[in-house]
Amino acid sequence: MGYRDEVASHDDDQSHDHFARIVVTGAIDAGLEGNAAVGALLASPDGDVLLAERNRMFVPRFRSDYHAEMVLLSQYEDQHQSSDLREHTLVTSLEPCEMCMIRIINSGVSNVLYVAADVGKGGITGPNKLAPHWARLAASQEFAAADCGKRLAEIALDAFMSTIGGVTDKLLARRLPEPGG
């Protein structure tokens, strides 16, 4: 993943480029650690970055729920008693998966932006429709592609695609019988 310098030097021409650079850098870090390359951040209604996180499913230890968005929301909720996320924005390097979509809906965060679409597979552009109760809860939330440079989106998707095979192999190894067993 030789993208770190390219991401760091990317000009912030579009309105979400600053956020995109942060989450894509987090994604690169996650991938280098052996996790799926996904990064996320939470911004206040004023646009201040409150917290940034990355996928940590395998490092520092295995946690099946430690997708970037899950880690981010858990940390924020642990640190803030009210956890009122109205008018806040969650930005992720890759379109949230279906599991993370439900967590995001439950959190009540108003705006969700993704740098790269996971077309046909993600929780937003994927083939599955939300159950009526989830759709009702999500009605007040906005889910959209971030307004960021095309190159940042390409890097985010490439970083994810270059790590997901290894992550899948690790998950499969947890299911297969032990050698000689």
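Placed above this text is the structure.
As the structure is a prediction and not an experimental result, all values here were calculated from the model. (Residues numbered from 1 in each chain as written. Predicted model: local features only at pLDDT ≥ 70, side-chain atom pairs only at ≥ 80, totals over all residues. Heavy atoms only, no water.)

### Notes on the overall build of the protein chain
So, step 1. From N to C terminus, the protein chain includes six helices and five strands.
So, step 2. Taken over the C-alpha trace, the protein chain has a radius of gyration of 16 Å; the compact-globule value for 181 residues is 16 Å, and the two agree within 12%.
So, step 3. Looking at the protein chain residue by residue over its 181 residues, the buried ones come to 44%.
So, step 4. Surface exposure of the protein chain reaches about 9400 Å², of which carbon and sulfur atoms provide 51%.
So, step 5. The average position of the 16 basic charges and that of the 26 acidic charges among the side chains of the protein chain differ by 7 Å. (Helix = DSSP H or I, 4+ residues; strand = E, 2+ residues; numbered from the N terminus. Rg over C-alpha atoms; globule rule 2.2 N^0.38 Å. Buried < 20%, exposed > 50% of the residue type's maximum accessible area, 1.4 Å probe, protein only. Areas by Shrake-Rupley, 256 points an atom, 1.4 Å probe, with all protein chains shown as cover. Lys, Arg positive; Asp, Glu negative; His and termini not counted. Charge placed at Lys NZ, Arg CZ, Asp CG, Glu CD.)

### Here we look at the pattern of salt bridges
Two side chains bearing opposite charge may form a pair once their charged atoms approach each other closely.
So, step 1. In this structure the tally under the stated criterion is 10 salt bridges.
So, step 2. Where Arg103 meets Glu77, a salt bridge forms, and the shortest distance between an N and an O atom there is 2.9 Å. Taken as a pair, Arg103 in helix H4 (residues 98-107) and Glu77 in helix H3 (residues 68-79) lie far apart in primary sequence, 26 residues in all.
So, step 3. Beyond isolated ion pairs, a larger network of salt bridges with shared partners links Glu6, Arg151 and Glu154. (Salt bridge = Lys/Arg side-chain N within 4 Å of Asp/Glu carboxyl O.)

### A word on the nonpolar core
So, step 1. Counting residues in each nonpolar core, the largest one holds 38 residues, and the members touching the most others are Val7, Val24, Leu42, Leu90, Val91, Val109 and Val115.
So, step 2. Elements supplying a minimum of two residues to this core: helix H2 (17-32), strand S1 (39-43), H3, strand S3 (89-94), strand S4 (111-116) and helix H6 (150-173).
So, step 3. In terms of residues, this core owes the most to one element, H6, which gives six residues.
So, step 4. In contact with Val7, not counting residues within four places along its chain, are Arg21, Val24, Thr25, Ile28, Leu152 and Ile155. (Core = buried A, V, L, I, M, F, W, Y, C linked by side-chain atoms within 4.5 Å. Contact = heavy atoms within 4.5 Å.)

### Focus: the packing of H3 against H4
When two helices pack together, their arrangement is given by the angle between the helix axes and by the axis-to-axis distance.
So, step 1. At a minimum axis separation of 9 Å, H3 and H4 run at an interaxial angle of 25°. Put simply, H3 runs roughly parallel to H4. Crossing hand, H3 versus H4: left-handed. Every residue of H4 that contacts H3 at Glu69, Met70, Leu73, Ser74 and Glu77 is listed here: Met99, Cys100, Arg103, Ile104 and Ser107.
So, step 2. Per-class residue counts for the contact of H3 with H4 are five nonpolar, two polar and three charged. (Axes fitted to C-alpha atoms, helices over the stretch in contact; angles between N-to-C directions. Parallel < 35°, antiparallel > 145°, perpendicular 65-115°, else oblique. Left-handed = near helix turned anticlockwise from the far one by under 90°. Nonpolar A, V, L, I, M, F, W, Y, C, P; charged D, E, K, R; others polar.)

### Points about the state of the cysteines
So, step 1. Taken as a whole, this structure holds zero disulfides when the rule is applied.
So, step 2. Residue Cys148 stays outside any disulfide, its sulfur separated by 19 Å from that of Cys100, the closest cysteine.
So, step 3. Judged by relative accessible area, Cys148 falls into the buried class, the value being 11%. (Disulfide = S-S within 2.5 Å.)

### Some remarks on the packing of H2 against H6
So, step 1. Following both chains from N to C, one finds H2 and H6 inclined at 15°, their axes separated by 10 Å at the closest point. Relative to H6, the element H2 is oriented roughly parallel. Crossing geometry of H2 relative to H6 is assigned as left-handed. Here H2 contributes Asp17, Ala20, Arg21, Val24, Ile28 and Gly31 to the contact with H6, which in turn contributes Leu152, Ile155, Ala156 and Thr163.

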